Amino acid sequence: MALIQAGCAYIAALFPDEAQDEIFTSPDVRVGGTLIPDATAVARPDGSYVVNGTSAVATGCRDADWHLLTVRVEPAAGTSDSPPGPPGPPELLWAAVPMTELEILDDWYVSGLAGSGSGSVVARDVVVPAHRVLPVGPLLDGTIASKTNADDPFYRMPVLLLFCAWTPPNALGLARSALTEFTERIHHRGITYTFHERQNEATVTHLQAAEAAMKITCAELLTTDFVTMIESRAATGTPYTPEERARIRAQSGYTTRLCKEAIDLSPPPPAHPPCTATSRSSERSGISTPSASTRS
């Protein structure tokens, strides 16, 4: 949740300066957001928009002061602003809206991540002035509306590629923690249906821990590679080629995959260890083969 609110605050810093003056009134302002354009926006003659719709998975909405709604622009009722020819994708906007103008639905009932408070937010005829609306398209190329931050390399990173840089830290942290917990636990648990009193006595345990460590190391190297490119291009202003954009997105996704595979090789202990006398041997349940690790 902290990462999402920090990322949304970053996007808010790309809005026109007038909008930032409204949003960042104190150092403790919290900004949330949703990426799925379920809400709609209809333009008015003065440049403002009327926003309606429900946006799901609004992580941190209950603790946020502002929300960045991703909305799709639709023509006003009874009009058609679409050019002739086959319809294209709708224009997408980010609309900065105070949380006091949105309704929060109590619909976040999940088995995991319950603490993220990712309920849905509802906009009903919310009027968003022109300076609090940001077209998404230019941001994907690194063009921002803020004049104050325009010369800061930190804010010249294309938003979509910045999302790629935000993803791996979570996966890497989880993978490192899983491996650390696994290597600590193997000194105290045995392997069921074998003569090993401790998992660390078995060769397969060493192989699994080593393979997991190598996957994490590879993920770290891939992350360093594409983050270094993003930082260097932000500093120099050199544009990306389509191949470079594709490579960054691929490396970000593959990093997460490697971390997931590392966690599969170093699984947590059973949530409910057996406690009956007939299943006492299972109290030392562990890993006997790499394939069994995914079933633990």
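Quick caveat, the model's predicted, so the values are computed rather than measured.

Overview of the side chain of Thr 205
Thinking step 1. Residue position: Thr 205 is located in helix 5 (residues 203–236).
Thinking step 2. Once you skip the residues sitting within four places of it in the chain, Thr 205 turns out to touch Phe 182, Ile 186, Ile 191, Gln 199 and Asn 200.

Quick word on the pattern of salt bridges
Thinking step 1. All told, the structure shown has twelve salt bridges when counted by the stated rule.
Thinking step 2. The closest approach of N and O atoms between Glu 220 and Arg 176, which form a salt bridge, is 2.7 Å. On the criterion of sequence distance, the pair formed by Glu 220 in helix 5 and Arg 176 in helix 4 (residues 159–185) is long-range, its members being 44 residues apart.
Thinking step 3. For Glu 220, a relative accessible area of 26% puts it in the partly exposed group.
Thinking step 4. Put simply, Lys 215 and Glu 261 hold a salt bridge, and the shortest N to O gap is 2.9 Å. Pair noted here: Lys 215 is in helix 5 and Glu 261 is in helix 6 (residues 242–265), with a separation of 46 residues, a long-range link.

Thoughts on the packing of aromatic side chains
Ring pairs (aromatic) are described by centroid distance and by the angle formed between their planes.
Thinking step 1. Evaluated as defined, the whole model comprises five aromatic pairs.
Thinking step 2. Between Phe 154 and Tyr 155, the aromatic rings sit 5.1 Å apart at their centres with planes inclined by 80°, giving edge-to-face as the arrangement.
Thinking step 3. The partly exposed category is assigned to Phe 154, whose relative accessible area is 44%.
Thinking step 4. Look at Tyr 155 and you get buried, because its relative accessible area is 17%.

About the criteria used
- Residues numbered from 1 in each chain as written.
- Predicted model: local features only at pLDDT ≥ 70, side-chain atom pairs only at ≥ 80, totals over all residues.
- Heavy atoms only, no water.
- Helix = DSSP H or I, 4+ residues; strand = E, 2+ residues; numbered from the N terminus.
- Contact = heavy atoms within 4.5 Å.
- Salt bridge = Lys/Arg side-chain N within 4 Å of Asp/Glu carboxyl O.
- Buried < 20%, exposed > 50% of the residue type's maximum accessible area, 1.4 Å probe, protein only.
- Phe/Tyr/Trp six-rings, centres within 6.5 Å; stacked < 30°, edge-to-face > 60°.

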